[in-house]
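Now for the letters of each chain:
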Amino acid sequence: MTVSLPLVAVLGFFAWGAVKFLGVRTWIVVLIALFGFWLSHTFMAPAIESGTRSGVDVINGSHD
């Protein structure tokens, strides 16, 4: 069985859990999200995308 969830929904769930149960401040979550958007517009973006896709392939068990 394959479940397809957007990465934003999964990260949002983890962020909500961190704020609710771990006591992480909301401004820290917002700061990390903004840093992620900034980082996606740098020269590191292709490496991050490649690493993310490789990680998802490993978890899903699909290899080329």
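Residues numbered from 1 in each chain as written. Predicted model: local features only at pLDDT ≥ 70, side-chain atom pairs only at ≥ 80, totals over all residues. Heavy atoms only, no water.

**Focus on the packing of aromatic side chains**
The criterion, for reference: We call Phe, Tyr and Trp rings a pair once their centres come within 6.5 Å, taking the six-membered ring for Trp, and we label the pair stacked below 30 degrees between planes, edge-to-face above 60, and tilted otherwise.
Under the definition given, this model contains four aromatic pairs. In this structure an aromatic cluster arises from ring pairing among Phe-13, Phe-14, Trp-16 and Phe-21.

**Thoughts on the layout of surface pockets**
This is how the line gets drawn: Cavity and pocket criteria rest on a 1 Å grid covering protein atoms alone: a 1.4 Å probe that fits but cannot get out defines a cavity, protein on both sides within 12 Å along at least 5 of 7 lines defines an open pocket, and an atom within 4 Å of a point defines a lining residue. Grid points are joined across faces, edges and corners, and a volume is the space filled by probe spheres set on the points. In this text, helices come from DSSP runs of H or I with a minimum length of four residues, and strands from runs of E with a minimum of two, each type numbered from the N-terminal end. Basically, the charged four are Asp, Glu, Lys and Arg, the nonpolar ten are Ala, Val, Leu, Ile, Met, Phe, Trp, Tyr, Cys and Pro, and anything else, Gly included, counts as polar.
In this structure, the largest pocket occupies an estimated 580 Å³ of space. Taken together, 15 residues make up the lining of the largest pocket; nearest its centre are Leu-7, Leu-11, Gly-36, Ser-40 and Ile-48. Counting residues per element, the ones that place at least two in the lining of the largest pocket are helix 1 (7–21), helix 2 (26–39) and helix 3 (45–60). The element contributing the most residues to the lining of the largest pocket is helix 2, with six residues. Partitioning the lining of the largest pocket into residue classes produces 10 nonpolar, three polar and two charged. For the second largest pocket, the calculated volume is near 240 Å³. Lining the second largest pocket are Thr-2, Val-3, Ser-4, Leu-5, Pro-6, Leu-7, Val-56, Ile-59 and Asn-60. Here the lining of the second largest pocket gets three residues from one element, more than from any other, and that element is helix 3. When grouped by side-chain class, the residues that make up the lining of the second largest pocket number six nonpolar, three polar and no charged.

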